[in-house]
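# Remarks on the overall topology
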Amino acid sequence: MITGGQMVAGLPAINFFIMKRIVALLFIVTNALWLAAQNIQEDDSTRIVQLGEVVITGKQQPQSQRLVNFFKANQSATLEDIISRLPEMSLIRRGAYGMEPSIRSFSGGQINVMVGGMRIHGACTDKMDPASIYIEPINLENLQVQTTSNGFFNGSSVGGTVNMKMAEPDFLNNGKVTGIISSGYQTAANAFFQSARLNYSSGKWAFRTSGTYRNSKNYRSGGGKEIDFSQYEKVNYSLSAKYQYDRFTSFHADLLGDDGWNIGYPALPMDVGYAAARMASVSINRENPGKALYKWETKVYANRVDHSMDDTKRPSVPMHMDMPGESRTYGMYSEGNYRLKNKQRLAIRADISSTFLKASMTMYQTGQLPMYMLTWPDNRKDQYGLSASWQIPIDSLLSLQLTGRTDLINYRLVSREAKDQVSIVGNNTGRKDLLKNLSVLMTRKMGRNFKTSVSLSYTERMPTAGELYGFYLFNAYDGYDYIGNTVLKPERSLQAEVAGSFQSGMTRIQLNGYYSKMIDYITGEVEPSLSTMTIDAKGVKSYLNISGATVAGFEASVIVSPAVNTEFVSTLRYTNGRDNDKEPLPFIAPFKNISSARYQWQKFFAQMEYEAALPQSRIREKAGERVTAGYFLLHARLGYNSLLFKNRFDIQAGMENIFDREYREHLDWGNIPRPGRNVYLQLKVQF
Amino acid sequence: MKKILLPLLFIVSAFLILFTSCKKDDLQEPDPAQGLTKLTEGYATGAAAKVEVYVKGNTINTGYTKFYIALYDSVSGQRMDESHIHLTPMMDMGMMQHSAPYENPSSGNAVNHLFPCSVVFIMPSTGGTWTLKIQVHNHLNGKEGSLTIPVTVTDPVKATIKSFTSLHDGGKYFISMIEPSSPKVGINDMEMAIYKKKTMMEFPADSSLSVTLTPEMPTMAHGSPNNVNPVHTGNGHYKGKVNFTMTGLWRLHLDFMSGTAVADSTLYFDTEF
């Protein structure tokens, strides 16, 4: 009721703000275009440079792209399965579904998780709904992981950016509907999935639609124990249209919906009743290799997430409560890539977005009035950002890339009740912050096959709504209620990264080492003057800036093809994080190595894969962490494809965790073991 | 052109007249008793004054009750904005009588034509009969007279008046919670008044105690942060801040100290919203 009223009342105001922002953005973009135009001279080269060379650290994107493609070949893989195998990434797990991505142990507000350049904010105060759950691999065209020198190009951040680019309709122009239907079953969770995707193009139009349904029961951990409340059920559906206006210009419209329900979170005291996301975007793309402005994109988007937790299925709940949350985001970005004189490249991005967040909790006690409070008091974050990345070849071997970004962020509480509530513990007048990010990347080719790079960067990130305004948010991991701090300073980081890569034919080896010095690191510290709100909570923690912390580590990936039909892929990562008192930081994954060997023989393929992690004993006891044992897992996968009535069939089967190991990863919450031996079978038909 | 101009002029002037007349209406003084309920009216015999008694709401509850008295010259009907009013609340229980704490209007001049005053009813009418004697000293004619009205007092759902026998001097103290009267999630003004029973007829305001406020949600066993203990501001009134972090049933625990001696640590008020 309340929400409906606010939405209606808010509409004219929103329109007004959108107008204001569009005008502001147009101003920025036209200025940038004009400035860039002043610098352009006739280019003597018509070589098409990969976008990756400008926007993304050159070495990274193709490597991670190849890894994504390799792991995507397993059709039962969820996006989470793929992410967890990328060397830079780990997942914080609270349940079988809805894991939170982490880049080099940075997570939450420290990283950007984007869908096609769009910002989207989860509606769950317990981070049960990271944006990554809304993308099915079937919708995924590619996944970019941007770190240090470019991690902030799409949004101020200290940890980097994961951008999931959605698949586009194909111009097959055969006047036929083509598509893929796939189904799968796996034993550990008695899980079933069904997905379909259709593509149609005619003339200048192309359309694509996809749908996925997943139904997973409680899974069985290694040793055969059933994990209660690990079930989930969801549908995901999308519709995309593309209109090719001329050779260089295309228009896109994308709609995506995701509905999950009955999602269990064994590591949390309650589950998710439903989680619904809707995303819509319209964009215009222009790619003209002949022009100085050789690539240009503008996108307008809006998305919403509604989320509701459910404790009715849990036994012995001390008090029933409803915990709904909602997020509403709209925004726009414009990105242009220019070719300047002397083979220099310039990428410019201007973006604006506005996010509304609200979450509440209502507890019920018979004979009493309901107890209602806001856990995310109604707040709005307006963000105006401008970034530029300038690539300057010094000579044929050495090149320099300078990247900068600034964000103006305006956070404020937007309702009387939110202001009244926050006034109890903090400042309710809102805040404006100017964030600055800067990096220098030096890349040097060493002969034909070697490339090294060094980067230095300074980055800042905004505290999240939860860190600013969160009101007694219970953290099941350490058992404390968390309370926001409205006067937190932005977290800052000084980073250095060294990378080396070797490429020869299909063989590619890459090694990255990084070091981040965090300043004003945001963490929760016990506030003895506050009394707990949650029954059985150990105490209250308030978010504070602590003087500093360091995160350092390395990752490596190897892709080797000793023969045409054999591929070997191995990734390993290690991170070490500690604060200035030499205390380990929480949620630091231990050394981990995943290796796969795939052998293709005509229509068959066979793949063996192992995952190995060392124990993690460097733990932050203050954050409730416990030592995690190491593990070794073995997986086997088989595949066969064939043509039948002109349709391509794919059958895949495999066994994961062959030894039925009972294990958990260090980033998993609640000492809940992961799935045990799992046999899967999938069928895919392409027509 | 002229044909249009004339009716236009007419319309404009008509609007102007309507508009200005509306303005005149707006300027008329609003009824000072707006939003209040007239409890009763009568004549203060001897003072040549008509007395109208107003209260907030429709019922009178035990606890701190505000009265608003309007006086009129009984002959001319004109408002009397200058008079002294003295209250005497009385509870007749048959076998015995007792009074209650009260606050006379703080000055002889009416505030917006009304004389605000209050009575702290320390029990409901179920045990006897409450009357309120209103003595008026008419400053226009120098005469004095009084009106006695019956008052029906009921207990509210959640008590706003409680008493304790002090541990340090054995005295009986009456504590009345005045604010928050309409609690909300957030920072609320907290106001209470303390009276010490001297005799059955005398309940003077007390400023000798210091108060510690501890709000609690009894069902959740948690409190709220950053409350401000009520401190004495005058006439037995203590003001502070109470913070409610959510809706529901809240218990306001009050500890009373006289210097370093504990006067009482058992008293509390409940409020639910």
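Keep in mind the model is a prediction, meaning the values are calculated, not measured. (Residues numbered from 1 in each chain as written. Chains lettered and ligands numbered in written order. Predicted model: local features only at pLDDT ≥ 70, side-chain atom pairs only at ≥ 80, totals over all residues.)

## Observations regarding the overall build of chain A
Counting its secondary structure elements, chain A contains 6 helices and 31 strands. Computed over C-alpha atoms, the radius of gyration of chain A comes to 25 Å, within 12% of the 26 Å expected from 2.2 N^0.38 for 687 residues, which places it in the range of a compact globule. If one aligns the C-alpha atoms of chain A with their principal axes, the spans along those axes are about 75 × 60 × 55 Å. Looking at chain A residue by residue over its 687 residues, the buried ones come to 48%. Long-range contacts, defined here as pairs at least 24 residues apart, represent 65% of the contacts in chain A between residues at least 6 apart. (Helix = DSSP H or I, 4+ residues; strand = E, 2+ residues; numbered from the N terminus. Rg over C-alpha atoms; globule rule 2.2 N^0.38 Å. Buried ≥ 20, exposed ≤ 12 C-beta atoms within 10 Å, placed from the backbone. Contact = placed C-beta atoms within 7 Å.)

## A short note on the domain arrangement of chain B
Residue and element names in this part refer to chain B. Here the domain parsing of chain B yields domain 1 (37-154) and domain 2 (161-272). Look at where the C-alpha atoms of domain 1 and domain 2 centre, and you get two points 27 Å apart. Opposite the 10 residues of domain 1 that make contact, domain 2 presents 10 residues. Each residue belonging to the side of domain 1 that touches domain 2 can be placed in one class, and the counts come to 5 nonpolar, 4 polar and 1 charged. (Domains from an automatic or database assignment. Nonpolar A, V, L, I, M, F, W, Y, C, P; charged D, E, K, R; others polar.)

## What about the sheet that holds strand β17 (residues 237-244) of chain B?
To summarise the sheet geometry, strands pair through backbone hydrogen bonds and adopt either a parallel or an antiparallel arrangement. All names here are of chain B. Read from one edge of the open sheet, 5 strands run β12-β13-β14-β17-β16, paired in antiparallel fashion. Whereas interior strands pair on both sides, the edge strands pair on one side only; in this sheet they are β12 (161-165) and β16 (228-234). Adjacent strand axes in the sheet meet at a mean angle of 30 degrees, parallel and antiparallel pairs treated alike. Sheet topology note: the strand β13 (residues 172-179)/strand β14 (residues 186-196) ladder contains 6 bridges and is antiparallel. Bridge pairing links S176 to A193 in β14. (Pairing = 2+ DSSP bridges. Axes fitted to C-alpha atoms, helices over the stretch in contact; angles between N-to-C directions.)

## Remarks on the interface of chain B and chain A
Contact residues are listed per partner, giving 19 residues for chain B and 19 residues for chain A. Split by residue class, the side of chain B that touches chain A holds 7 nonpolar, 10 polar and 2 charged.

## Side note on unusual backbone geometry
Residue and element names in this part refer to chain B. Across the junction of E179 and P180, the peptide omega takes the value 0 degrees, indicating a cis bond. As for its placement among the helices and strands, P180 is situated in the loop between β13 and β14. A positive phi angle, close to 55 degrees, is found at A221, a residue other than glycine. Structurally, the position occupied by A221 is in the loop between β15 (210-216) and β16.

## Description of the nonpolar core
One finds A:V115, B:V51, B:I69 and B:V120 to be the most contacted residues of the largest nonpolar core, which totals 164 residues. Considering every element that reaches this core, the biggest residue donor is strand β4 (residues 63-73) of chain B, with 6 residues. A domain split of this core shows at least three residues from each of domain 1 (37-154) and domain 2 (161-272) of chain B. For A:V115, the residues in contact, after removing those within four places along its chain, are A:I120, A:A131, A:Y134, A:I135, A:M164, A:M166 and A:M279. Within the second largest apolar cluster, 8 residues are counted, among which are A:M332, A:L346, A:I348 and A:I352. (Core = buried A, V, L, I, M, F, W, Y, C linked by C-beta atoms within 7 Å.)

## As for the sheet that holds strand β6 (residues 97-98) of chain B
Residue and element names in this part refer to chain B. Reading across the sheet, the 4 strands line up as β6-β5-β9-β10 and stay open at both edges, with antiparallel pairing between neighbours. The open sheet has two edge strands with one neighbour each: β6 and β10 (144-151). Of the pairings in the sheet, the one linking strand β5 (residues 83-92) to strand β9 (residues 129-138) comprises 10 bridges and is antiparallel in character. Across the sheet, residue M91 finds its bridge partner in β9, namely W130.

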